[in-house]
Amino acid sequence: MATVQVNPEILRWARETAGLTLEEAAHKLHVGAARGLSPNERLAALEAGAEAPTRALLLKMSKSYRRPLLAFYMESPPVRGDRGVDFRRLPVEPSPAQEGLVETLLRDVKARQAIVRAALEDEEEAELLPFVGSVGMGVSVDVLCNSIRHALGFDLSAFRRKKTIGDAFAYLRSLVESSGVFVLLIGDLGSYHSALSVDHFRGCALADPIAPFIVINDQDAKGAWSFTLLHELAHIWLGQTGVSASIVEAGVERFCNDVAASLLLLDGDFGEFEMVPLAGFEDAVERINSFADTKNISRSMVAYQLFRRGVIDDQLWKELQAEFRRLWVESRAREREAARSQEGGPTYYTVRRHHIGAALVDLVSRMTKSGALTSTKAGKVLGVKPGNVYELIGAGS
């Protein structure tokens with residue numbers, strides 16, 4: 001089988017930016033042992049330039065590393081893509097695998113956004129959204145909250161009246177999408193092996209004035225989705241494209257957190273905690289659970305706000321964070337087990353539509369039927385193969 005001359009640095013760059021170790025990549029590429037070398041050693045030899053890859057192997061790399069085939073013929077690795085402002089505070093040594101997944105996700109979402117914007121412009125439907133970049137960091141939390149409430153028509157009492165946290169998020173998401181912002185739920189890149197850690201990626205905002213996108217990591221607790229959506233929406237109002245994670249200290253991230261919290265909570269909501277102090281860890285868990293349920297918000301958000309208000313100390317806040325994360329992981333595992341044991345349930349296309357969002361599905365449906373989008377571009381925007389586009393856009397019809 002013919003080999004192809006490529007810069008071996010490209011092979012290493014493509015693997016590392018895909019977030020794969022040598023062992024993981026060799027397994028995905030089905031590299032076998034040969035000539036006394038293990039699969040890992042053979043792949044390392046390719047990346048060192050000791051031998052050239054075959055075209056068949058490059059095709060496998062293109063698929064596994066999520067890169068176009070032409071990328072492997074570049075003279076040298078490109079500079080790191082612009083992810084906007086990195087608002088995150090990560091561990092001292094961030095996971096290369098998780099960073100690779102975040103880079104891949106952002107590259108994919110920006111490609112979707114570019115297609116959507118081009119389609120809107122080609123069809124003369126592009127409109128500048130007045131709220132994108134309409135404020136600066138000098139504005140107060142209250143002013144920004146009022147601007148968002150007015151633009152969305154957000155009613156906190158209606159949000160709280162929803163029967164479940166999921167229903168409350170659906171209400172908020174529909175308002176945001178109606179304003180012109182596309183909201184995606186993405187927690188992995190196609191399988192649980194590529195799940196995005198909330199510590200590395202909670203959400204991101206792509207603040208385009210015509211086709212702004214928000215991505216929420218659905219690996220996070222459902223109760224946190226509404227908060228993350230409003231947090232990223234604050235970034236849209238600030239005109240900031242960037243990535244957020246779960247660790248927040250100060251600056252713009254704390255400001256956006258304060259905006260989200262002020263939209264979901266009232267000043268008098270914490271009176272019960274201030275009047276009757278918490279009697280230890282177990283009492284805190286029980287009372288926060290009850291409080292969060294009545295407000296359709298996350299337990300971790302409540303604990304954080306109690307910490308910010310001085311009701312609980314740093315140590316108790318961290319203990320509560322760990323406990324609520326543990327409870328969420330257990331709950332998610334039970335839900336998955338129940339789903340596996342049940343017959344029927346939502347179809348693949350129904351689930352995909354939910355993750356993509358009604359606004360994006362409707363836009364692609366309209367643009368595809370009018371001929372403004374090819375099935376290839378429509379599939380790219382929706383994250384499915386071109387042959388599945390029509391079944392997906394018709395799944396809710």
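Please refer to the structure placed before this passage.
Residues numbered from 1 in each chain as written. Predicted model: local features only at pLDDT ≥ 70, side-chain atom pairs only at ≥ 80, totals over all residues. Heavy atoms only, no water.

(A) Representation of the packing of helix 8 (residues 165-178) against helix 9 (residues 222-238). As a packed pair, helix 8 and helix 9 sit with axes 8 Å apart at the nearest point and diverge in direction by 20°. Judged by the inter-axis angle, helix 8 sits roughly parallel to helix 9. Handedness of the helix 8/helix 9 crossing: left-handed. Along its contact with helix 8, which presents Ile165, Ala168, Phe169, Leu172, Arg173 and Val176, the element helix 9 presents Lys222, Gly223, Trp225, Ser226, Leu229, Leu230 and Leu233. Among the residues making up the contact of helix 8 with helix 9, the classes are represented as nine nonpolar, two polar and two charged. (Axes fitted to C-alpha atoms, helices over the stretch in contact; angles between N-to-C directions. Helix = DSSP H or I, 4+ residues; strand = E, 2+ residues; numbered from the N terminus. Parallel < 35°, antiparallel > 145°, perpendicular 65-115°, else oblique. Left-handed = near helix turned anticlockwise from the far one by under 90°. Contact = heavy atoms within 4.5 Å. Nonpolar A, V, L, I, M, F, W, Y, C, P; charged D, E, K, R; others polar.)

(B) Here's a closer look at the packing of aromatic side chains. Summed over all chains, the structure comprises twelve aromatic pairs. Arranged with centres 5.9 Å apart and planes meeting at 65°, the rings of phenylalanine 154 and phenylalanine 159 form a pair that is edge-to-face. Summarising the aromatic geometry, the rings of phenylalanine 182 and phenylalanine 213 are spaced 5.1 Å apart at their centres and angled 40° between planes, so their arrangement reads as tilted. You can see phenylalanine 182 sitting in strand 2 (residues 182-185) and its partner phenylalanine 213 sitting in strand 4 (residues 213-216), a full 31 residues away along the chain. Judged on exposure class, the residue phenylalanine 182 and its partner phenylalanine 213 are both buried. Here the aromatic cluster, defined as three or more aromatic residues joined through ring pairs, consists of Phe154, Phe159 and Tyr171. Stacked on the ring of phenylalanine 291, the Lys or Arg lysine 295 has its end atom at 4.3 Å from the ring centre. (Phe/Tyr/Trp six-rings, centres within 6.5 Å; stacked < 30°, edge-to-face > 60°. Buried < 20%, exposed > 50% of the residue type's maximum accessible area, 1.4 Å probe, protein only. Lys NZ or Arg CZ within 6 Å of the ring centre and 35° of its normal.)

(C) Representation of the pairing of strand 3 (residues 203-206) within the structure. Of the two faces of strand 3, the one lined by Gly203 and Ala205 and the one lined by Cys204 and Leu206 are each fully buried. Taken together, the four bridges between strand 3 and strand 4 define a ladder with antiparallel strand orientation. Among the inter-strand pairings, glycine 203 is bridged to a residue of strand 4, identified as isoleucine 216. Counting the residues that bridge the hairpin from strand 3 to strand 4 gives six residues. Of the pairings in the sheet, the one linking strand 3 to strand 5 (residues 242-244) comprises three bridges and is antiparallel in character. In the sheet register, cysteine 204 faces strand 5, and the bridge partner there is valine 243. (Pairing = 2+ DSSP bridges.)

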